[in-house]
Amino acid sequence: MDKMWSGRFSSGASSLLDDFNASIMYDRKLYREDIEGSLAHAAMLCAQGILTQDELKEIQDGMAQVLIEIEDGNFEWKISDEDLHMAIEKRLTSLIGDTGKKLHTARSRNDQVAVDFRRYVLRKNREITQAIKSLMEVITEIASKNSETLLPGMTHLQHAQPINFAFHLLAYNSMFKRDIERFESSRKRNNISPLGCAALAGTPHNINREMTAQELGFSSVSVNCLDTVSDRDFALEILFNISTMMMHISRLSEELVMWSSYEFSFVELSDEYSTGSSIMPQKKNPDVPELLRGKTGRVNGNLIALLTVMKGLPLAYNKDTQEDKEGVFDSVETAEISLEILREALKTMTIKSDNMYKACKVGHLSATDLADYLVEHCDIPFREAHFITGKAVAKSEELGIDISDLEFNELHKIDNRIKEDVMQYLEIEHSMNARTSQGGTATLRTMEQVVYFENYLKNLDL
Ligand code: ARG
């Protein structure tokens, strides 16, 4: 009968209930947030004349001791204490006596957990955006050196038009930039203090919510207590933001897996970030990008799990909400390690530009350029130009060569309006550099994009 809420109970809880009901095994991760929240609350109670200066001091000293015990690994986390809030308060009271029992005045675990968890999510939001930023810096750096490295641009995974490797990588930077923006907007929206909402309806005590909000780094106080103690949108947002970011990571990972196959051989992952096979000695496997692709499944699962937990809950707090934490912890930790390892794998990978170029010589990548030439220089309508180009492709196939290696006289035979100057348009490099429209792949345009991302990252204050 050592439960804090045991007043109305005549017998103790079964240990089966303890096991089922407790969150202490995982919510102890929030110990810093919980202690800071309690200290801010106590300081406010004192400022409002609800606690004396001496009592505040006792609470502060006691909490400092609790913090040391936790950080030194000497704190006793017991399932029977149910959650970290009660474990910490109980330990405080055992250290300082009755004053510890005053700490929970004008507060409930409902607003307490909302404060702790929200602050954890806001902190992780910031750390994850910083990690995305550092991934983008590596991508930008690689891009700055590869704006002339040709590779086949694809649609339907079929060779389409030549592009450069920097252009390809910067597509991912565009995605990651949007990810950062999503995290930023979520952080702004959710930077609201739940403290003082108490159980659901506020409190009759003369508290000052502005004061605790400010102390805890929140930018404002929540408007409606009933909403605040039951809202978990902030957690859903970080789950969604992580899922979207991991989806981007997964797409890039899929390309890394393909590119490191013999068939592509566009890149080679460093030994540091590759694995071997237990049976096939010759193998070097891209486990890192494969796992990144795989881990996207679990973060999506976490998002769907919490959406499902929340969908049928009446106002206000329900114990179901305790299920909010593990999935968020898991997604956050998955995102953190994923961003770090992807960054390192990219940093250390070898780019095999010769193979990328060779691949550009397969699949008639400059066919569209021939059609464009016919339109622009021979005044031939596009449909007809398309048809003539088709003939040139067929001829190349017949000769077993790429269209960029077709000789002028062959082209002239197909249509005598074609002039000798056509030859440069068939070159792969020319084809890539011809795409100078805004946002296009031409080296010139790609370098503008490099500068764009360099500036963005330089000015990004997270
Ligand atoms: N461990 C609980 C949770 O994570 C804390 C809030 C409990 N509130 C209550 N009224 N039982 O949700």
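Here we summarise the structure given alongside this text. (Residues numbered from 1 in each chain as written. Predicted model: local features only at pLDDT ≥ 70, side-chain atom pairs only at ≥ 80, totals over all residues. Heavy atoms only, no water.)

## A closer look at the overall build of the protein
Within the protein, the secondary structure is distributed over 19 helices and six strands. Its C-alpha radius of gyration of 31 Å places the protein more than 25% over the 23 Å reference for a compact globule of 462 residues. Oriented by its inertia axes, the alpha-carbon framework of the protein measures out at about 100 × 50 × 40 Å. By residue count, 50% of the 462 residues in the protein fall in the buried class. Sequence-distant contacts in the protein: of pairs separated by 6 or more residues, those separated by 24 or more amount to 75%. (Helix = DSSP H or I, 4+ residues; strand = E, 2+ residues; numbered from the N terminus. Rg over C-alpha atoms; globule rule 2.2 N^0.38 Å. Buried < 20%, exposed > 50% of the residue type's maximum accessible area, 1.4 Å probe, protein only. Contact = heavy atoms within 4.5 Å.)

## A look at the packing of aromatic side chains
Under the counting rule described, the total for this entry stands at ten aromatic pairs. For the pair Tyr120 and Phe329, a centre-to-centre distance of 4.9 Å together with 80° between the ring planes defines the contact as edge-to-face. Of this pair, Tyr120 sits in helix H6 (residues 109-144) while Phe329 sits in helix H12 (residues 325-347), and the two are 209 residues apart along the sequence. The residues Tyr120 and Phe329 share a single accessibility class, namely buried. With a centroid separation of 5.5 Å and an interplanar angle of 65°, the aromatic rings of Phe165 and Trp259 are classed as edge-to-face. Pair noted here: Phe165 is in helix H7 (residues 165-189) and Trp259 is in helix H10 (residues 233-259), with a separation of 94 residues, a long-range link. Overall, the relative accessible area of 3% leaves Trp259 in the buried class. The lysine or arginine in question, Lys29, covers the ring of Phe329, its NZ or CZ lying 5.6 Å from the ring centre. (Phe/Tyr/Trp six-rings, centres within 6.5 Å; stacked < 30°, edge-to-face > 60°. Lys NZ or Arg CZ within 6 Å of the ring centre and 35° of its normal.)

## Brief notes about the site of the ligand
Lining the immediate environment of the ligand, one finds Ser23, Asp83, His85, Arg109, Asn110, Val113, Tyr317, Gln322 and Lys325. Measuring from a nitrogen atom of the ligand, one finds a side-chain N or O atom of Arg109 at 3.4 Å. Contact between the ligand and Gln322: a nitrogen atom at 2.8 Å from a side-chain N or O atom of the residue. About the coverage of the ligand: the protein hides 86% of its 340 Å² of free accessible area. Ranked by residue count, the leading element in the shell around the ligand is H6, at three residues. Residue classes in the shell around the ligand are distributed as two nonpolar, four polar and three charged. (Near = heavy atom within 4 Å. Polar contact = N/O pair within 3.5 Å; in protein donor to acceptor, adjacent residues only side chain to side chain. Areas by Shrake-Rupley, 256 points an atom, 1.4 Å probe, with all protein chains shown as cover. Nonpolar A, V, L, I, M, F, W, Y, C, P; charged D, E, K, R; others polar.)

## Some thoughts on the nonpolar core
Among soluble globular proteins, nonpolar side chains are generally buried collectively. In this structure, Ile88, Ile128, Ile132, Ile242, Met245, Val328 and Leu346 are the most contacted members of the largest nonpolar core, which totals 87 residues. Among the elements that take part in this core, H10 stands out by supplying twelve residues, more than any other. Each residue touching Ile128, except ones within four places of it in the same chain, is listed here: Phe183, Ile238, Ile242, Met245, Val332, Ala335, Glu336 and Leu339. Counting residues in hydrophobic clusters, the runner-up holds 18 residues, among them Ala371, Cys378, Ile380 and Ala392. (Core = buried A, V, L, I, M, F, W, Y, C linked by side-chain atoms within 4.5 Å.)

## Some thoughts on the pattern of salt bridges
All told, the structure shown has 39 salt bridges when counted by the stated rule. A salt bridge links Glu69 to Arg91, with the nearest nitrogen and oxygen atoms 2.7 Å apart. Of the two residues, Glu69 sits in helix H4 (residues 53-71) while Arg91 sits in helix H5 (residues 84-96), which places them 22 residues apart along the sequence. Given the relative accessible area of 10%, Glu69 is considered buried. (Salt bridge = Lys/Arg side-chain N within 4 Å of Asp/Glu carboxyl O.)

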